[in-house]
Amino acid sequence: MTYKALIVEDEVLSRDFLKSLLTEFCPRIDVIGTAGNVEEAVSFINAHLPDIVFMDIEMQSGTGFDVLLKVAQRNFRVIFTTAYDHYAIKAIRFSAVDYLLKPISLEELQQAVATAIESLRQKDADKKLELLIKNLQRPEGEDFSISLSTSEGIEFIQLSNITRLEANGPYTTFFIKDNRRIMVSRHLKEYELMLTGHGFFRIHNSHIINLKSVKKMIKTDGGYVIMQDESMIAISPKKKEEFMQLMSRRLV
C-alpha cells in the first residue's frame, strides 16, 4: 500500500530535494503534489486529501500552523520541516508530532515516514494535531499538555497534573495527580530532554519529579524527597547540589 503525500515548501531547491529523497528512498510514499504557500497548501489538502503532509514551518506567506487552522479537516499526518530550532518545537514534541531539521537526514526522514504510516494505521493523526494547536494557542502562563501513547490509545495530560516519572527498562511510568499511572513505551531520557525547563528535574537515574509536587526534603539517609503522593524518591549524590539550588531559588 502506498500513501499520498503533499510537500509544502516555498524554497524550490528544498522542495525538489525532499521530493527526490522520497521518490528514491521511501517507496511507500507517492508524492501527489507540492505547494509553495499557505493558500496553495490549503486548497490542495481540501481537494486531494493527502495521507501525509511534509510541512515547512516558516514560509513567506505564513506558517505551516496557518495551514492547519485553515484546512477543512485534519485527518492526515504532518511531518514538519524547519531550518532551525524553531520556537514551536517544544509544542510539536509535546504533541508527538514529527519534525525534521534541514538539511534533512535520509535516516531521520525514513524513520519519520515509518512513524507517520504507523500513526495512520492507528488513526490518531487528527488527535495529535488537535493537541498541537491547543499547545500553540494556550493562554500565557498555562502549561503545555503532553501526548502519551499507550497500548489502549492516546492520553493528553497537562504537565501540572504529573507528579513524577519513573523508569522501568525501556518503559516510563507517569504518576498522575488523580492517582492514575500511565505506562508508555519510551525511555525516561526522552522525557528528560522534553521536560527540562518546564519545572521537572531528573533527581535520580530512574526518576524525574515535578518540582512543584515536592512536599518535603529529608537530608538524612543520603537525602530523599517526599512527594505529594507520599512517594519517597532518593536524591542522587550527583544531583543534590543542583536540586538544592533549584529549590532554594524556587524556580518552579
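Look up: the structure comes first, before these words.
Notes on the structure in this doc start here. Predicted model, so just to flag it, every value in this text is computed and none were measured. (Residues numbered from 1 in each chain as written. Predicted model: local features only at pLDDT ≥ 70, side-chain atom pairs only at ≥ 80, totals over all residues. Heavy atoms only, no water.)

Once that is clear, we can look at the packing of aromatic side chains. Summed over the entire model, instances satisfying the criterion amount to 4 aromatic pairs. Aromatic side chains Phe 65 and Phe 80 sit 5.2 Å apart centroid to centroid with 55 degrees between the ring planes, which places their arrangement in the tilted category. Note that Phe 65 is positioned in helix H3 (residues 64-70) and Phe 80 in strand S6 (residues 77-82), a separation of 15 residues in sequence. When the ring centre of Phe 144 is taken as origin, the NZ or CZ atom of Arg 138, which lies over that ring, is 3.6 Å away. Sitting above the plane of the Phe 175 ring, Arg 164 keeps its charged end 3.6 Å from the centroid. (Phe/Tyr/Trp six-rings, centres within 6.5 Å; stacked < 30°, edge-to-face > 60°. Helix = DSSP H or I, 4+ residues; strand = E, 2+ residues; numbered from the N terminus. Lys NZ or Arg CZ within 6 Å of the ring centre and 35° of its normal.)

Across the junction of Lys 102 and Pro 103, the peptide omega takes the value -5 degrees, indicating a cis bond. Mapped onto the secondary structure, Pro 103 falls in the loop between strand S7 (98-101) and helix H5 (106-122). The backbone phi angle of Leu 49 is positive, close to 50 degrees, even though this residue is not glycine. Tracing the backbone through its elements, the reader meets Leu 49 in the loop between helix H2 (38-48) and strand S3 (52-56). Residues other than glycine seldom take positive phi values, yet Asn 179 does so here, at roughly 75 degrees. Tracing the chain through its elements places Asn 179 in the loop between strand S11 (171-176) and strand S12 (181-184). With relative accessibility at 68%, the residue Asn 179 sits in the exposed group. (Buried < 20%, exposed > 50% of the residue type's maximum accessible area, 1.4 Å probe, protein only.)

Another point: the side chain of Asp 56. Locating Asp 56 in the fold gives a position in strand S3. There is a polar contact of 3.3 Å between the side chain of Asp 56 and the side chain of Lys 102. Contacts of Asp 56, omitting those with residues within four sequence positions, involve Val 8, Glu 9, Asp 10, Gly 64, Thr 81, Thr 82 and Lys 102. (Polar contact = N/O pair within 3.5 Å; in protein donor to acceptor, adjacent residues only side chain to side chain. Contact = heavy atoms within 4.5 Å.)

Let us look at H5. Relative to the 24 Å expected for 17 residues at 1.5 Å per residue, H5 spans 25 Å between its end C-alpha atoms, a close match to the ideal helical length. The complete set of buried residues in H5 reads Leu 109, Ala 112, Val 113, Ala 116, Ile 117, Ser 119 and Leu 120. Angular distribution of buried residues about the axis of H5 spans 160 degrees; they occupy a single face of the element. Sitting at the amino-terminal end of H5 is Ser 105, which places a side-chain oxygen 3.4 Å from the backbone nitrogen of Glu 107. Directly after H5, the chain includes Lys 123, whose backbone phi takes a positive value near 55 degrees. (Expected span 1.5 Å × (residues − 1). Arc of directions from axis to C-beta.)

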